[in-house]
Amino acid sequence: MAERILRKPAGASRLVFALVCGWLTLLLVVPLLALVGAVVQDRSEVLRTLLSAEARNALLLTLGVALACIACNGVFGVAGALVLVRQRFWLRRVLDALIDMPLALSPVMTGLAFLLVFGRSGVLRPVLDGLGVEIAFAWPSVLLATLFVTLPFTLREVALVLEEVGDSEEQAAATLGASPWQTFWRITLPNLRGGLIIGTTLTTARALGEFGAVLVVGGSIANRTQTATTFIHAAIEERQEPAAFGMALILAAAAILLLLFMQGLDPTQKRSPAHGD
Amino acid sequence: MGIEVRNLVKRFGALTVVDAMSFEVQPGELVALLGPSGGGKSTVLRIIAGLETADAGQVWLDGARVDHLHARQRQVGFVFQHYALFRHMTVAQNIAFGLDVRGVPRAEQQRTVERLLQVMGLRGLGDRMPSQISGGQRQRVALARALAPTPKLLLLDEPFGAVDAKVREELRQWLRRMHDAVGATTIFVTHDQEEAFAIADRVMIIQSGRLEQHGTPLEILDHPATEFVARFVGDVNVLTGRVHGDHARVGPLLAPVSGLPDGQEVHVVLRAYDLKFWREDPGVATVRRVMTIGDRVRVEALLDRAGPDGQPAPIFAQFPRRSSLLHGVEVGCRISIEVTRARAWPGVPPEPAS
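Described below are features of the structure shown in this document. Worth saying up front: this structure is predicted, and the values here are computed from it rather than measured. (Residues numbered from 1 in each chain as written. Chains lettered and ligands numbered in written order. Predicted model: local features only at pLDDT ≥ 70, side-chain atom pairs only at ≥ 80, totals over all residues.)

**Brief notes about the overall build of chain B**
Thinking step 1. Counting secondary structure elements, chain B contains eight helices and 20 strands.
Thinking step 2. Summarising its shape, the C-alpha atoms of chain B cover approximately 80 × 45 × 35 Å along the three principal directions.
Thinking step 3. Here the contacts in chain B between residues at least 6 apart in sequence split such that 64% fall between residues at least 24 apart. (Helix = DSSP H or I, 4+ residues; strand = E, 2+ residues; numbered from the N terminus. Contact = placed C-beta atoms within 7 Å.)

This is the structure in structure tokens:
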């Protein structure tokens, strides 16, 4: 069987094979090569712009926001999934649907909505002014917007695993005398590992790439609210192509690393069910 | 550990799964909860363990009421139907878990694990993951894990349901030996009557959330308390008859019964091994099939005038393969039938067991 599948395609299937390869090359390989080519051609200029304070700050903000999102989503994702999967309450269906909203909404709309809450004439403005806190057009807005768009990933992945694993191991732990705390750390959390890793990877990818929401709510102010993506946008606007190419290549490299990381995990092999037969 | 259950009630929505059930188990007994699937057996077990909360009623362990205690405080060993082994832990870590969470020192944990691996025939498997061992081995790991903290009460939910027939037979004998060696009170749930009768000291027959009968295997086989028990236990024929004195008349047959008023319409339950067939013309029945099943022979026949409106009704019996009664019995021949033992219940029969 394996030999048959691995054999070189023949006839009509050879045509399909060529089509698929051409399509993937056109969409994936060519743009990436073009980017690499552009960077290599302008390498001294690219290097200079990437070493600028603006570029460094944009990267740092993106990195910081991504790390914060990973941490927040890790905690909230596990807690949220436990509530959603294990508890039965009348608003469960509504909550279940709401969690996917960030996937359905355009990020630009999200940014706008956040502005209406935290912006100059936003509903929370009096409270924030009273507290002396600035959110809109400051880094917290970038964090909030990114948290919003990355909310579903970890929660959904963890919920999926939680559903699959069931609660019989936790019941077994209880009959063996484990406290709820011991059960959580020693049984529940280790079982969620696969979901957490995939969820975190998706969260990271989304946090690094988020553009629309952080542009609207943060305003892409250099050294303050400019992220890697809005930095690219600003560089293109200002006809600073080498800066845009350089930053784009960094993001592309990060994305490829993430993908390789996920490939290396191969969850289908790692997730070995103890009960499966 | 002695157990007493008083008036236990459990409902899931509109469905009453356990219906006012009461029973006692003496310390050191091995008891089977036997009945058709969905009868509430597992729920009773889970309530005793504290994994499920009863809507009414009480559970007493060793003379103390435990309804308010969480599962972890009851010190009851529980073996789950699908093992519920900790999938990210090795076999040894699984077995040690109950000791570890109680703060037992490492060295002592290790000794207990080694001893249990030895006793369970799992030597050398301590470092394997649950996914790397067979179903029968997983079952034994689950048992070892439950036994490690030396519970005084061991509860097993369909313990041998998920392994094949041969392994099941081995594990069965092995459970009996374990029980006799350890001495913990043991209750196991099963829908397999052979399993229940083979190893239990006492059997509780449970149907639709009710305890139908509680007794030794022999008591239940020879003195079924209800028509349900009589029908559920063993291979039986159920035919309609009418009482005449100390017999019930079923078509041309006379079945010995007692304590029923003359003329009463009854359901007569006839065990496959309480009937004698022998070739005789004209006789009372015609043989339809003869099947050899291992060391036994099953003979199916049509009994004259025993069905509704005087139609013939099917009846079957089983004999040892070399039984002299089988001499000349073949498909199409006429036979006579003698009923050596029968039970009869008045009225409409309950739904036959699945």
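From this point, the narrative continues.
**Some details on the sheet that holds strand 2 (residues 15-25) of chain B**
All names here are of chain B.
Thinking step 1. The four strands are arranged 2-1-4-5 in an open sheet whose pairing can be described as antiparallel. The open sheet has two edge strands, strand 2 and strand 5 (64-65), and neither has a second partner.
Thinking step 2. As judged from the two bridges shared by strand 4 (residues 56-61) and strand 5, these two strands associate in the antiparallel manner. Residue pairing for strand 5: W60 is matched across the bridge by R65. (Pairing = 2+ DSSP bridges.)

**Digging into the pairing of strand 8 (residues 185-190) of chain B**
Residues and elements named next belong to chain B.
Thinking step 1. For strand 8, the tally of buried residues reaches six of six residues, placing the bulk of the element in the interior.
Thinking step 2. Alternating residues of strand 8 divide into T185, I187 and V189 and T186, F188 and T190, and every residue in both groups is buried.
Thinking step 3. In the sheet, strand 3 (residues 30-34) pairs with strand 8 via five bridges, with the strands oriented parallel. Bridge pairing in strand 8 links L34 to T190.
Thinking step 4. In terms of strand pairing, strand 7 (residues 153-157) meets strand 8 through five bridges, oriented parallel. (Buried ≥ 20, exposed ≤ 12 C-beta atoms within 10 Å, placed from the backbone.)

**Describing the environment of V101 of chain B**
Thinking step 1. As for its placement among the helices and strands, V101 of chain B is situated in the loop between helix 2 (91-100) and helix 3 (106-119).
Thinking step 2. Looking at V101 of chain B, the number of C-beta atoms within 10 Å reads 18, which means it is partly exposed.
Thinking step 3. With sequence-adjacent residues up to four places away left out, V101 of chain B is seen in contact with L176, G177, A178 and Q182 of chain A.

**Some remarks on the interface of chain B and chain A**
Thinking step 1. Taken residue by residue, the interface counts 22 residues in chain B and 19 residues in chain A.
Thinking step 2. Secondary-structure elements contributing two or more residues to the side of chain B that touches chain A are strand 6 (76-79) and helix 2 of chain B.
Thinking step 3. Of the residues that constitute the side of chain B that touches chain A, the class distribution is 14 nonpolar, five polar and three charged. (Nonpolar A, V, L, I, M, F, W, Y, C, P; charged D, E, K, R; others polar.)

**Topic: the packing of helix 4 (residues 53-86) of chain A against helix 9 (residues 139-165) of chain A**
Residue and element names in this part refer to chain A.
Thinking step 1. Closest axis-to-axis distance for the helix 4/helix 9 pair is 6 Å, and the angle between their directions is 40 degrees. Of the possible angle classes, the one that applies to helix 4 and helix 9 is oblique. The chirality of how helix 4 crosses helix 9 is right-handed.
Thinking step 2. Here the contact of helix 4 with helix 9 is composed, by residue class, of 20 nonpolar, seven polar and one charged. (Axes fitted to C-alpha atoms, helices over the stretch in contact; angles between N-to-C directions. Parallel < 35°, antiparallel > 145°, perpendicular 65-115°, else oblique. Left-handed = near helix turned anticlockwise from the far one by under 90°.)

**Re unusual backbone geometry**
Residue and element names in this part refer to chain B.
Thinking step 1. Note the cis peptide between D281 and P282, where omega equals 5 degrees.
Thinking step 2. Note on placement: P282 falls in the loop between strand 15 (275-279) and strand 16 (285-293).
Thinking step 3. Positive phi outside glycine occurs at A20, with the angle close to 50 degrees.
Thinking step 4. Topologically, A20 is positioned in strand 2.
Thinking step 5. A count of 14 C-beta atoms within 10 Å places A20 in the partly exposed class.
Thinking step 6. Unusually for a residue other than glycine, A84 sits at a positive phi of about 50 degrees.
Thinking step 7. Looking at the element boundaries, A84 is found in the loop between strand 6 and helix 2.
Thinking step 8. According to the C-beta neighbour criterion, A84 is buried, with 27 such atoms within 10 Å.

**Topic: the sheet that holds strand 19 (residues 334-339) of chain B**
Residue and element names in this part refer to chain B.
Thinking step 1. Here five strands make up an open sheet; going across it, the order is 15-19-16-17-18 and the pairing antiparallel. Edge positions in the sheet fall to strand 15 and strand 18 (313-320), since each has one partner strand and no second. Averaged over all neighbouring strand pairs, the angle between strand axes comes to 35 degrees, with direction disregarded.
Thinking step 2. Across five bridges, the pairing between strand 15 and strand 19 is antiparallel. By the bridge assignment, K276 is partnered in strand 19 with E338.

**Side note on the nonpolar core**
Thinking step 1. Judged by nonpolar contacts, the single largest core of 108 residues is most densely connected at L155 and V268 of chain B.
Thinking step 2. Counting residues domain by domain, this core receives three or more from each of domain 1 (3-227) and domain 2 (236-346) of chain B.
Thinking step 3. Ignoring anything within four residues of it in the chain, the contact list for V268 of chain B reads L239, G241, A248, V250, A255, A342 and A344 of chain B.
Thinking step 4. V78, V149, L155 and L215 of chain A belong to the second-largest nonpolar core, a separate cluster that totals 48 residues. (Core = buried A, V, L, I, M, F, W, Y, C linked by C-beta atoms within 7 Å. Domains from an automatic or database assignment.)

**Regarding helix 1 (residues 41-49) of chain B**
Residue pairs spaced three or four apart in an α-helix point in one direction, given the helix's 3.6 residues per turn.
Residues and elements named next belong to chain B.
Thinking step 1. In terms of burial, helix 1 is a largely internal element, nine of the nine residues being buried.
Thinking step 2. If you check which residues of helix 1 are buried, you get K41, S42, T43, V44, L45, R46, I47, I48 and A49.
Thinking step 3. The first or second residue beyond helix 1 is G50, which carries a positive phi of 90 degrees.

**Some remarks on the packing of helix 2 of chain B against helix 3 of chain B**
Residue and element names in this part refer to chain B.
Thinking step 1. Running from amino to carboxyl end, helix 2 crosses helix 3 at an angle of 130 degrees, the nearest separation of the two axes being 9 Å. Here helix 3 runs oblique to helix 2, going by the angle between their axes. At the point where helix 2 passes helix 3, the crossing takes the right-handed sense. Where helix 2 approaches helix 3, its residues A92, I95, A96, L99 and D100 are matched on the opposing element by Q109, T112, V113 and L116.
Thinking step 2. Classifying every residue of the contact of helix 2 with helix 3 by side-chain character gives six nonpolar, two polar and one charged.

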